[in-house]
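Each chain, written out:
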Amino acid sequence: MNKLHSFSRTLLIILLASAVCSLLALAGPLRRDAAQKPKSPAPTKEEGLAAWQQVYSVLTHPRCINCHTATNYPQQGDDRHRHFANVVRGPANNGVAALRCATCHQDANADSTGVPGAHGWHLAPLSMRWQDTNDKIFSSPEVCNALTDRSKNNHLDGPGILKHHTSEALVLWAFHPGRNIDGTMRTLPPLTHQQFVEATRKWVDAGTPCPQNP
Amino acid sequence: MTAIHSANTVSLSRRSFLRVSTNAAAGLLVSLYLDFPLFAQEGAKPPAKVYPPDAFVHIKPDGKILITVNRLEFGQGVQTSLPMVLADELDADWSQVIADLAPAADVYKDPVFGIQMVGGSGSIAHSFQQYRELGARVRAMLVAAAADQWKVAPDQCHTEASVVHGPGGKSATYAQLAEAAAKQPVPAKVQLKDPSQFRFIGKKVRRLDSRPKCDGSQKFGLDLDLPGMKIAVVAHPPVFGARIKSVDDKSARELPGVDVFEIQLVKGTGVAVVADKFWTAKQARDRLKIDWDLASVDHADSSRLLTQYKDLARTTGNIATSRGDQKALDAIPDANRIVAEYEFPYLAHTPMEPLNTTIRFDGDRAEAWVPSQFQTMDQIAIAQVLGLKPDQVTFHTEYAGGGFGRRAVIDSHVQREAAAIAKRLRGTPVKLVWTREDDVQGGYYRPMFVHRVEIGIGQDGMPVAWRHVIVGQSLVAGTPFAPMMIKNGVDATAVEGAADAPYSIANFQVTAHHPTPNVPVLWWRSVGHTHTAFVMETLMDELAARANADPIAYRRKLLKPDAAKARRALDLMDEKSASWRNSLPKGHAFGVACHECFGTAVACAADVSIEDQRPRIHRVTVAVDPGLAVNPLTIEAQFQAGVAFGLTQLVPRGAITLKDGRVEQRNFDGYAPPYIADSPVAVDVHIVPSTEAPTGCGEPPVPVISPAVVNALAKLTGKHYRTLPLVAL
Amino acid sequence: METYKLTVNGQTKQVTADPGTPLLWVLREELKMTGTKYGCGISACGACTVHLGGMATRSCVVPVSLVGNRPIVTIEAMAADPVGRVVQDAWVTQDVVQCGYCQSGQIMSAVALLKYNRKPTDKDIEESMGGNLCRCGTYVRIREAIKVASQQLK
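Notes on the structure follow. (Residues numbered from 1 in each chain as written. Chains lettered and ligands numbered in written order. Predicted model: local features only at pLDDT ≥ 70, side-chain atom pairs only at ≥ 80, totals over all residues.)

Details of the overall build of chain C
Formally: Working definition: helices are DSSP H or I runs of at least four residues, strands are E runs of at least two. Numbering for both runs from the N terminus. Our radius of gyration looks at C-alpha atoms and nothing else; its globule reference is 2.2 Å times the residue count to the power 0.38. Every C-beta atom is placed from the backbone, and the number of other C-beta atoms within 10 Å of a residue's own sets its class: buried at 20 or more, exposed at 12 or fewer, partly exposed in between. We call two residues in contact whenever the C-beta atoms placed from their backbones are within 7 Å.
Secondary structure assignment for chain C yields five helices and five strands. Counting from the amino terminus, helix and strand elements in chain C follow one another as β-β-α-β-β-β-α-α-α-α. For chain C, whose C-alpha radius of gyration is 15 Å, the value lies close to the compact-globule estimate of 15 Å for 154 residues. When burial is assessed residue by residue, chain C has 65% of its 154 residues classed as buried. Put simply, 59% of the contacts in chain C that link residues at least 6 apart link residues at least 24 apart.

Side note on the interface of chain B and chain C
As a reminder, the rule being used: Only Asp, Glu, Lys and Arg are considered charged in this grouping, and only Ala, Val, Leu, Ile, Met, Phe, Trp, Tyr, Cys and Pro are considered nonpolar; every other residue, Gly among them, is considered polar.
Listed per partner, the contact involves 51 residues of chain B and 46 residues of chain C. Secondary structure elements with two or more residues in the side of chain B that touches chain C: α6 (210–214), α8 (278–287) and α18 (632–646) of chain B. Ranked by residues supplied to the side of chain B that touches chain C, first place goes to α18(B) with seven residues. By residue class, the composition of the side of chain B that touches chain C is 25 nonpolar, 13 polar and 13 charged.

Digging into the interface of chain C and chain A
Taken together, the contact pairs 24 residues of chain C with 21 residues of chain A. Secondary-structure elements contributing two or more residues to the side of chain C that touches chain A are β4 (55–58), α3 (103–116) and α4 (122–128) of chain C. Grouping the amino acids of the side of chain C that touches chain A by side-chain chemistry returns 13 nonpolar, eight polar and three charged.

Notes on the sheet that holds strand β21 (residues 463–472) of chain B
By definition, the strands of a sheet pair up through backbone hydrogen bonds, in either a parallel or an antiparallel sense. All names here are of chain B. Applied cut-off: Strand pairing is assigned whenever DSSP identifies at least 2 bridges connecting the two strands. Think of each axis as a best-fit line through the C-alpha atoms, taken over the contacting stretch in the case of a helix, with angles from 0 to 180 degrees between the N-to-C directions.
With mixed pairing, the five strands of this open sheet are ordered in space as β14-β24-β21-β20-β15. Of all strands in the sheet, those with a lone pairing partner are β14 (318–323) and β15 (337–344), marking the two edges. This sheet shows a mean twist of 10° between the axes of neighbouring strands, independent of strand direction. As defined by bridge partners, β15 adjoins strand β20 (residues 449–457) across eight bridges and the pair is classed as antiparallel. Considered in β20, the bridge of A340 is made with V453. Sheet strands touched by helix α15 (residues 529–546): β15, β20 and β21. Its angle to β20, the strand with the most contacts, is close to 30°.

Some remarks on the sheet that holds strand β19 (residues 430–433) of chain B
Residue and element names in this part refer to chain B. If you trace the seven strands from one edge of the open sheet to the other, you get β11-β12-β9-β19-β16-β17-β18, paired in mixed fashion. The strands lining the two open edges of the sheet, one partner per strand, are β11 (259–264) and β18 (393–397). The mean inter-strand angle of the sheet, taken between neighbouring strand axes irrespective of direction, is 25°. Relative to strand β12 (residues 269–275), strand β9 (residues 230–235) is paired through five bridges, and the arrangement is antiparallel. Residue pairing in the sheet places V233 in a bridge with V273 of β12. Contacts from helix α11 (residues 413–424) reach β9, β11, β12, β16 (356–361), β17 (366–370) and β19 within the one sheet, and its direction differs from that of β16 by about 35°.

The values reported here are purely geometric and, on their own, carry no functional implication.
Now the structure itself:
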C-alpha cells in the first residue's frame, strides 16, 4: 500500500517535473517583466484547468487540508484524524483563551518534540473548508469555486491568491513540514513549492478557470 | 456508637492470615494479612498491638503537631483524614496540625494487611481505630504530665484545642507539656470518645495539602533533586520479556556524559541509559539501535485473544460460586432468556506522575525515595537487588501523582530496575524515570476480560437462573499472593462483584477461566468490579426493561434481604435524583446503577444525552453508604472525581491493544483517558448517615458510572452496549 | 550546547542547553523550578503549562531555542499575580486538589482563561480547560473553582 502510494507519487512527480520544465521554458521570458502585463498570450483555459488540477492536488494534501476543515477542530497526520487533546477552532480560528494554536505551535517547527510550527498557526476559516463535516474532501470544482469566491476567500483576486500561495507562512510550512514525534519526516505535498507557485500562476493567468461539476 | 467502638472486631472477624515467602532465594518472610470478603475466615486474629505514639505524633515547641501518616498520599486525602482522626481524640488545635508521610518501617504496616501499603480502599477502614487510639494515648500522656505537675488527679483535668486545663484555672499547652509527657508510660488501655464528642470526625474538613499543590511547592517523587544525582531511562523490550541480542550505542554515547549498560529486568533484559539530565538520557535512548530476541517470547495479540476468550466463555470454568440447580436454566424457553457476551480491553492506569524511583547505594546501605503504594514489598525488592537486608535500605515514601494501583506492584519491577542501575552507580544517587511511553507500553494493565451470561427469566419477570462465565488473566497467579487469593482455580479479583452480587437469584453460578497470555497485569482502581459491575448492572437494566419495570424498583425487589447498605444507597439515590429524573429535557435519558465493593455501597443516576456521537453527561447523583463518614468533604470529592476516572472505560480511546506482541498505543494521543468534556458537568454526592464502622471510598466511586451512563444510552438508542470502549454509539 | 537568556517570573536567567531541550526540562532541571510538571511530553495532558509571552503554553514541546525574548511565567509566580492568587485561593476553598500533580497546569490554564475572559461560560471553561488532563478526575471542582474565582474577580 505504502509502496504503491510512493510509486504513484514518484510517477506524478516525474510527470509534473516534465510539465514544469516546459512551463519554466515558457515562464522564463515572462518573469522579466512579471509586474507588468504579460506580453505573451495568456495560457488557454485548458492549460489553466490543467494547472488547477495540480493546485488542487496540493490543497487537498493532508499538510494543507488538515487545517481547512469543516469541523470545530483541526486534523492531524496523513490519516487526517481529529487533533488530539480536544483542540478547538475558537471564534477567530486560532483556538480559545487558554488553548490557542500557539499553546503548542511556535513560529518554527520544533523537530526535537515533533510539533510543527510557523508564524500565525491557525485554522482556515470555515468559508475556506475543503471538506465536509464527515471529512469527505470536496471535489475539484467545489474547492475551485470556493477558492475563487471573493465573498469566501478574504476578498482575494487571482493575483491575491498567487501571493498567498507564494509567501503565506502556513503555505510555505506545508513544503517544509518538519519531523514527527517518532523522528520520521512528515510527508510532503505532491508538488514542490516552486511547482505549486508556477501552477497557481498559470491558473491565475488563465483567469482562474474552474472545472464544471461532473 | 457501639458499632464504631467495635470497628476493629468487625474487620477482624473477616480477616485471613497468611505467612509467605516473597523470594525463596533471599529467605525473607513477610507476614501478609489480607482481607478478602469472598474467602473470609473467622477467628484468625493477630494480637492487638499498642503502637508507639512517638512514631506517629511529634508535638513541637512552637505548638505545631506533626502527625505521621502510615500511607501513601496520592489523592485519596488520607494525609488529612487520618490526622483528623488522631487529632480528634488528642483534642488538638487543628490549625496547628501538620502531616507527613511515614518512611518504610514495621510500625507503619497496615494493621490488617500486615504490610505497609495502600490498597483495597483500606486506609481509613483499617487505621481508623489505630489512629483514634494513638490520639487518645497521647492525650492521656499529656494529661498525666499536667496532673503530675499540678499534683492533681488526671480526671480533674480536661483538654481542648491543644491545652490541658486543670482545677483552679490552671492550664498548660501541649507544647509546654510535651517533654514531660514523653516520659510518661504509654497507657495500654485508653478511653475513646463517645462519637457525640467528635470535633473533626464527621465534619467537612479541607485538605491539608491544598496550598502546596496549588503553588508548585509540593515535591513529588519525580521532583526529587539530590546533589550529584544522575537521571536514568531504560529501553524496555518491545515485546514483553524479550532479551537483548546486541546493542549499538555508539551514537548514544556521543552525547555528553552518557553511560549505557544492559540490565536484568523482572522479565527479559533492558538497556539502561544514564546521564546528568533527563533530556540527554532520553535523546541517548532514542539513538540506541537494539537487536532484540523476539522469537523466544510469546506475542500476545488482542484480536487473537478475543477469539480465544470468546471460545472459552462458552465452556464452564472453575467454579467461583454455585447455588441452586444449574439445570434450571435449560428448562427455560429461549424466548425467556437473555444471552449476553461482553468484551473489556486492557486498561492502563496512567497516573499523571510518571513512574519513578531514586536510589543511592553506598555498599553496606542504601537510601531510596519512592512514590510507593507498597513500601514493604518495594523495600524488600531493592534490598534483594543490592544484596542488602531490608532494614539496610532507608525508604522514604514520596508524594505520588496518582497511582490507582500502578504503584502497588507485587514484583516491584520499577524499583528493581532502579536498584540494578544504582548498584552500578555505587555512591551516586540515580533517579529512574519511566517516560509516559514506557508507562503506556510497559504492561501491568487491567486485564482484558470476556463475560458470557445466560439468564433465564421467570413468569414474574425476575431472573430465576443465571449462568455466568468470566474469562481473563489472574492478577496474582504465580505470586506470593496466589495461595491467599486463588481458590478452586478462581482468582477472587476476577469474579468479585459478580460471584458475590447482592441479588436474590435462586439458581446462580459464576465460573472463571484464567488464560495466561504474555501480558503483565495488575489491579486497576476497583479491580474486578470495573468489569463485573458493568455486566451485572447493565443486565439489571435489561431485565427491568423486559419486565417493563422501573429500574430502581426492579433492583430493590431483587436485592437480598441482607443487602442493607446497597438498599440504603439505592433509596437515597432514588430520593435525591427523583426531581430531575422526572423532568428531563427532550433527548436526555437517565441511567442508574448500584454496586457494593470494599464494604461501601454506591448507587448512582446519570442524566445523559448524545452530542457529537458521544455521551454527554449533564449530571450525576451519587448516594453512598460508607459507614461513618470520617471526612464528608473528602468523600464528596472522591466520588465526584472517581466517577470521572471510571469513565476511562467508556471514552473511545480507553483501550490498550496489542498487535503481534506490541502495544499499539504510545501516549495520551492513542490512549486518552477522560478529559473535562468527557466527564460529568455536575456530580452531587449524598452520604447515608451511619454510625457503622467506616469503609473505603477510594475505589467504590469507579464501578457504577459506566453502567449508569450506558443504561441511559440504551434508552436513547435502543441498543445494548457490551463492548468497551464505546467507539460508536 | 547553546547559552540562552530567559526571563522567568521577571528575573533574567542564563542557561546552557542543547537547543532542542524543551523549556519544561530547562525549568525543572537547569533552574530547579519543579512546580511545572512532566506528564506526557507531547502536549497531550497540560501538566507542563506555563505562560509564554502571556499565552498558556505547553512547555514540554517548546524547544528552548524557540523561546526568544518572550517572558516566561510559571506556577511559582502565581501567588504574586493578582489573578493567580485569586485562582489559587478558589482552588483551596473548593478543595479541588487530589493527588495534585496536574494542578499546576490546571491553574495556569485557568489563569490564562480568566485573564482573557472574566466571565467564562461553562462552554468557555470546557474548551479552554479541554486539554488539561486530571487522572484523579477533579473536573467538577475545577469548574466550580473557576466560577468562584470569576466571581471574586468581578
